[in-house]
Structures are given as structure tokens and as C-alpha cells.
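Examining the three-dimensional arrangement
Each chain, letter by letter, is given below.
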Amino acid sequence: EAQVTQNPRYLITVTGKKLTVTCSQNMNHEYMSWYRQDPGLGLRQIYYSMNVEVTDKGDVPEGYKVSRKEKRNFPLILESPSPNQTSLYFCASSLSPGAYGYTFGSGTRLTVV
Amino acid sequence: RKEVEQDPGPFNVPEGATVAFNCTYSNSASQSFFWYRQDCRKEPKLLMSVYSSGNEDGRFTAQLNRASQYISLLIRDSKLSDSATYLCVVSLGYSSASKIIFGSGTRLSIRP
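Residues numbered from 1 in each chain as written. Chains lettered and ligands numbered in written order. Predicted model: local features only at pLDDT ≥ 70, side-chain atom pairs only at ≥ 80, totals over all residues. Heavy atoms only, no water.

**Structural notes on the overall build of chain A**
Here is the rule: In this description a helix means any DSSP run of H or I spanning at least four residues, a strand means any run of E spanning at least two, and both kinds are numbered starting from the N terminus. When we talk radius of gyration, it's over C-alpha atoms, and the globule rule is simply 2.2 Å times the number of residues to the 0.38. When a residue's accessible area, from a 1.4 Å probe over protein chains only, is under 20% of the maximum for its type it is buried; when over 50% it is exposed; and in between it is partly exposed. Note on definitions: a residue-residue contact is assigned when non-hydrogen atoms from the two residues lie within 4.5 Å. Note on areas: these come from Shrake-Rupley sampling with a 1.4 Å probe, and a residue is covered only by the protein chains present in the view. For the purpose of charge, His is not counted, nor are the chain termini; Lys and Arg are scored as positive and Asp and Glu as negative. For charged residues, the charge sits on one atom: NZ in Lys, CZ in Arg, CG in Asp, CD in Glu.
For chain A, the count of helices and strands is one helix and eleven strands. When the helices and strands of chain A are placed in sequence order, the string is β-β-β-β-β-β-β-β-β-α-β-β. Taken over the C-alpha trace, chain A has a radius of gyration of 13 Å; the compact-globule value for 113 residues is 13 Å, and the two agree within 12%. C-alpha extents for chain A along the principal axes are approximately 35 × 30 × 25 Å. Counting only residues that meet the buried cut, chain A has 51% of its 113 residues in that class. Summarising the internal contacts of chain A: among those between residues at least 6 apart in sequence, 53% fall at separations of at least 24. Of the roughly 5300 Å² of accessible surface on chain A, 50% is carried by carbon and sulfur atoms. Distance between charge centroids for chain A: 6 Å, based on 12 positive and 9 negative side chains.

Take a look at the structure:
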């Protein structure tokens, strides 16, 4: 089954404790992206990657890091999480989102206390 | 002004009704358009692309009006299962480098 797999689904952590949210897709998509979704603000892009070893900032990259060492994986790293990073996070992939749209992962609900 | 604007709703309509909502976009250079459906606390799922000529998929019809810079989604014979938030998405191009902008969504609730 074609899918984007994110883990974990739920995560509660403390301020300052580094964490990684994993994302993997099995569709051989070149484009992958991370979004956060907050009430009233919609989906905002954090980082995206157009191919292996090619990553770029989205609209809200502060406090996040990503890497793309393999085509299928695109982890999101929070080096020092803060409470304002409490949000619902989605990973997405596509051949080209402007042409074909996205396939999203199931989401990760992160709470930073 | 937001780049992509949607009425947040909620639209509360009886089962079987026809409901329509619009999404306006500010950049006249926008090239491609989509509607996504998002159930509560779940991931967005692509519902349909919106073509210049309009397109229909069963009970769903999407239209594009470039002159007035809006897209619309019409749902006929609405079902309880249509209750969800509908996200409008606009892309400034078809390439991977093109900026993608999401609307904040319109919430639809279908009542028995």
C-alpha cells in the first residue's frame, strides 16, 4: 500500500530535550515536506526537500532541522523543543505537489511542557 | 490579506442537501488548485484537483474562476460521512519548486 509513515503518533516531552519525528514514504517520491497545523493558522510549511541531500526552509523553519540522506526518509529534528512547538505535525510526499498534490502521513501530535 | 482565504464555517446542513463553498486566492499567477478533505485530528487527503474547465467526481464538482480568482466546491446529496473540514490549496506552478499555499479550511457538518 502506498503510504507515508510517521512516528510517533503522540509525543509528550519536556522543554529542551532533543527529539526526532521520523517520516518514511514507499512511493519513490522525490519531494517531501514537513508541516505544522495550529488552530486558526492552517498548515504551515516547516522544511521541504526536492531530492536526496537537497533541503530548504519553508515558512516557519526556526527551531527545526531536517535531513534527507535517503530518498524514502525525511526526519524532523527538534534540537531544543519549546512549548511554542506544541502542535500537530504532518509529513507529506509527492512527485510534484503543484501538479499531483500531496500524500500525507497520519500526523504526530507533539506536546512540549 | 491572506493569500488563500476560506470561510471557516461551520456550515451545518441537513443530509441530502446541496452545499457549496468558495475559496479566494490573491495571486493571479496561481497555476494549480486542489481541494483536500480533513477529518478531525486526521491527515488531509486529496479530494480533487481543480481544472480550468471544472471537474466532477460523483457528487463533488469543483470549479475555477480565474477572472474573479476563486475556486468552488459543490457537494450534492450530502451524506453524514461528508462531515469534515475542506481545505483549499493553491500552487504558483506545477514544478517541485512552486510555492504551495493552504487555506485554513471550511468546516462542514451534515446533520441527520
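**Here's the deal with the interface of chain B and chain A**
Going by this rule: Summed over both partners, buried area is the accessible surface (1.4 Å probe) that two parts give up on being assembled. By salt bridge we mean one thing: a side-chain nitrogen of Lys or Arg within 4 Å of a carboxyl oxygen of Asp or Glu.
On the chain A side, the residues contacting the 21 residues of chain B number 22 residues. When chain B packs against chain A, the two sides together hide about 1700 Å² of surface, and 52% of this comes from carbon and sulfur. Run the count over chain B and chain A and you get one salt bridge. Ionic pairing is found between lysine 99 of chain B and aspartate 59 of chain A, a salt bridge with its closest N-O pair at 3.2 Å.

**Some remarks on the side chain of threonine 106 of chain B**
Residues and elements named next belong to chain B. Cut-off, in case you're wondering: For the purposes of these results, a polar contact is taken to be a pair of N or O atoms within 3.5 Å, where, inside protein, one atom must be able to donate a hydrogen and its partner to accept one; residues adjacent in sequence count only when each atom of the pair is a side-chain atom.
By secondary structure assignment, the location of threonine 106 is in strand E11 (residues 106-111). Classification of threonine 106 as buried rests on a relative accessible area of 0%. A polar contact of 3.4 Å, which involves the side chain of threonine 106, links it to the side chain of glutamine 6. With sequence-adjacent residues up to four places away left out, threonine 106 is seen in contact with Gln6, Asp7, Pro8, Phe11, Phe21, Ala84, Thr85 and Tyr86.

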